[in-house]
Amino acid sequence: MSDATKMGTDNPTYEDDGAFAPPGILPVSSSKLPGWDRDFVQIGMSESEAPKKNAVVVRSAYKQYKTRQGTNVVLHNFNMTVKEGTIYSLLGSSGCGKTTILSCCVGVKALDSGHVLINGAEPGTRASGVPGKHVGYMPQDIALYGEFSIREVLQYYGRMYGMSSSTVAKNMDFLIAFLALPKPDRRIDSLSGGQKRRVSFAVALIHSPKLLILDEPTVGVDPLLRQSIWNHLVKLVSTGKTTVIITTHYIEEARQSHTIGLMRGGRLLAEDSPELLLKQHNATLLEDIVLKLCLQDNCDEDNESSSDSTTTDGSSVPTITLPLPKKSRWKKISEKERHSAMNAFNLSPEKEGSTCSSTSNNDGSVAQSDVVINNNSTEKLDPTCPEQVVGLAYTKVENGAEGKADPLQPCFDRGYLSDCSDSNDSSASAAMRRKLALEYSHEENSMKTNLKNSVKDSFNRIYAMSHKNIVILLRNILLLLFMVFVPASQIVVICLAIGQDPRGLHFGVVNKDIANSLNNCVVPSGCLTTDNFTGSVSCLFLDYLKKHDILDLKIYESEADAVESVKQATDWGYMVFPENYTLHMRERAIFGIHAEPAVIYGSRIKFRLDQSNLQIYRENAKLFFKTFHEFTKNVSEECGVDPVQTDLPLYVRYNEPKIWHNS
Ligand SMILES: Nc1ncnc2c1ncn2[C@@H]1O[C@H](COP(=O)(O)OP(=O)(O)OP(=O)(O)O)[C@@H](O)[C@H]1O
């Protein structure tokens, strides 16, 4: 054993002999622990050692799922109290809501109404430590990365919780041996269902959390391993620092827990230590008690009695604020079935009758009966015991003294009890609540420390997740190619399609200025006002257009032919030079504003553009204005005239620096 472990470190480690060593605690060899099926581990603590804080408190929990078939009420006025440093076994038939309440405790699901408090605060708040490294959750469904090996999964979660590599390695070695896992290099997706569940269990344990929430960890596990798992859990909680909530279908193994919560139809039927339950029901097997309480519950249903349940202090907890639905989903067994079950478990009809003695009082509370199995109401309340704070609050409502509101509601609503002060409560209750708040608030840190921890946690998570994503990507070459090449090809396609000017657009030309314009088009040069000017101005304009390399010009003999080719989607439009265009252009250049109207009309080029594609329509319109501008500018300069005089009375700055919106 290392010195560090003996002295206690921040990160507890598992020792080679299978013992667990929380900070400052010397580990005990697991081989020294008796097996649960031969000699149940004695986990009872003396009163002086008993933990004072509630690690988890659930009150008046209500949850329903909406399905196509209707509404399924899963939790129904559910109450649960889990003390710190204990094992709490949640028992109940399949579908009674165990997983749902555990999901609410870890913040994966939210209650429709009621309260869950972890370490005195609602899940999701920093004070509760959930989610985070203080909680280890083993869900019922496997949620592991199939591409990872066992080692990588454990390392991933270790990084997530900010553990050092050496601590992860040490704990991993222990867990692999302890849970009889396959070789650490085996990939998760090559493991059997049971092996995956054990890896999931190891994940929940790797960081030695203060709160372990395990949803059926022993399903499909070899009896010997099941025994060691329980021994290990017992050892973990024996330090008083770790709390375990566990669900199981193997009722008898729950004997090793400190508290058993028996669920049925979304409610808690009983909550007490196994020893007390066995004693009070005069039973030797927990199975008998489960059956008895279920039968009792059916009787209660028959009698349409109150839907109240019990808290740890044994007092009944009446429905307080919730508009609770009827228990319509509970299956009723026939009289015959009931009697044969009674006989099978050696329960006399008299006893059976007595289980039905629970009755409702007028105020809605439950009268005392044997279903209320742990009635401590005569005990004097201890102001230092937070367990009883809750009990007092509920007792007060039960007595009908202060109406039907939950006295703890204002405190819970703020998410953290230490914020609470309620002047309406009795002074005893308020004092005890303050005491409770104080007990939790000792873990509060300064803002600076909180910020530092938060940054550190975030960094750990980002690092772990980045590492995970890289590994997953490298293991999935197809995914990698897809992730790299799809965006790259998208960008290329977008640039090709949108990012460039269109090229080679077919465009018709009807040039009435010259006969046989295709062959006779001579591009003139020189000033068009001089006598020695030869050639056609229309050819000059077409020459400017061709320079832009956008249009692929095609000569038509008539306008009708050009129109037809646009309609046939062969061309994107056409232009028409009127007859004597060159002559009219020259006269217009010579006479300027004094030119005859016929000259002005005769010097206009007609454009008709296809409008099926607005983008191309706009590009072409822009091209013509731009070309005409260049054309007039150059022609004017040839003649020694200021281009402004011949230009359109528009000042469009195509070639100058662009201007943008500020925002
Ligand atoms: N997301 C959901 N939508 C609708 N119904 C759900 C959903 N999740 C659970 N349920 C239903 O809620 C009820 C309680 O489910 P839950 O998983 O909490 O039961 P359980 O006690 O954990 O059962 P088991 O022991 O079989 O795991 C079941 O009837 C289930 O069908």
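- Per an unreviewed UniProt entry, the protein is named ABC transporter domain-containing protein, and its organism is Orchesella dallaii.

**Section: the overall build of the protein**
So, step 1. A tally of regular secondary structure across the protein gives 22 helices and 17 strands.
So, step 2. Within the protein, contacts between residues at least 6 apart in sequence are counted, and of these 70% link residues at least 24 apart.
So, step 3. For the protein, the exposed area adds up to about 34200 Å²; of that, 54% sits on carbon and sulfur atoms.

**Topic: the site of the ligand**
So, step 1. In the region of the ligand, 16 residues are neighbours, and S94, G95, T99, T100 and Q140 sit closest.
So, step 2. For the ligand, an oxygen atom lies 3.0 Å from a polar atom in the backbone of G97.
So, step 3. In this structure, an oxygen atom belonging to the ligand sits 2.6 Å away from a side-chain N or O atom of Q140.
So, step 4. Computed on the free molecule, the ligand has an accessible area of 630 Å², of which 67% lies beneath the protein chains in the complex.
So, step 5. Secondary structure elements with two or more residues in the shell around the ligand: β3 (54-67), β4 (70-83) and α2 (98-105).
So, step 6. Residue contributions to the shell around the ligand peak at three residues, all from α2.

**Looking at the sheet that holds strand β11 (residues 267-272)**
Backbone-to-backbone hydrogen bonds join strands into a sheet, with any given pair of strands oriented parallel or antiparallel.
So, step 1. Strand order in the open sheet made by the six strands is β7-β8-β9-β5-β10-β11, with mixed pairing throughout. Of all the strands in the sheet, the pair left with one neighbour each is β7 (135-138) and β11. Adjacent strand axes in the sheet meet at a mean angle of 15°, parallel and antiparallel pairs treated alike.
So, step 2. The strands touched by α2 are β5 (87-91), β7, β8 (211-215), β9 (243-247) and β10 (259-264); relative to β8, the strand with the most contacts, the crossing angle is about 150°.
So, step 3. Relative to the sheet, helix α5 (residues 193-205) contacts β7 and β8, its axis offset from that of β7 by approximately 170°.

**Digging into the UniProt feature "transmembrane region" (unreviewed entry) in the protein**
So, step 1. Here the UniProt-annotated "transmembrane region" (unreviewed entry) positions come out as residues 477-498.
So, step 2. As a span, residues 477-498 carries 100% helix and 0% strand, and end to end its C-alpha atoms are 31 Å apart.

**Quick word on the pattern of salt bridges**
So, step 1. Per the stated rule, a full pass over the model turns up seven salt bridges.
So, step 2. Here R187 ties to D189 by a salt bridge, and the two come within 3.2 Å at their closest N and O atoms.
So, step 3. Residue R187 is classed as partly exposed on the basis of its relative accessible area, which comes to 32%.
So, step 4. With relative accessibility at 44%, the residue D189 sits in the partly exposed group.

**Quick notes on the sheet that holds strand β14 (residues 505-511)**
So, step 1. Reading across the sheet, the four strands line up as β15-β14-β16-β17 and stay open at both edges, with mixed pairing between neighbours. Each edge of the open sheet carries a strand with a single partner, namely β15 (551-555) and β17 (606-609). Looking at each pair of strands side by side, their axes are set apart by 25° on average, direction ignored.
So, step 2. Judged from the four bridges that link them, strand β16 (residues 573-577) and β17 form a sheet pairing that is antiparallel. Counterpart to M575 in the pairing with β17 is F607.
So, step 3. Packed on one face of the sheet, helix α21 (residues 614-638) meets β14, β15, β16 and β17 and runs near 165° to β17.

Definitions and cut-offs
Residues numbered from 1 in each chain as written. Predicted model: local features only at pLDDT ≥ 70, side-chain atom pairs only at ≥ 80, totals over all residues. Heavy atoms only, no water. Helix = DSSP H or I, 4+ residues; strand = E, 2+ residues; numbered from the N terminus. Contact = heavy atoms within 4.5 Å. Areas by Shrake-Rupley, 256 points an atom, 1.4 Å probe, with all protein chains shown as cover. Near = heavy atom within 4 Å. Polar contact = N/O pair within 3.5 Å; in protein donor to acceptor, adjacent residues only side chain to side chain. Pairing = 2+ DSSP bridges. Axes fitted to C-alpha atoms, helices over the stretch in contact; angles between N-to-C directions. UniProt positions renumbered as here; feature names shortened; annotations may be inferred. Salt bridge = Lys/Arg side-chain N within 4 Å of Asp/Glu carboxyl O. Buried < 20%, exposed > 50% of the residue type's maximum accessible area, 1.4 Å probe, protein only.

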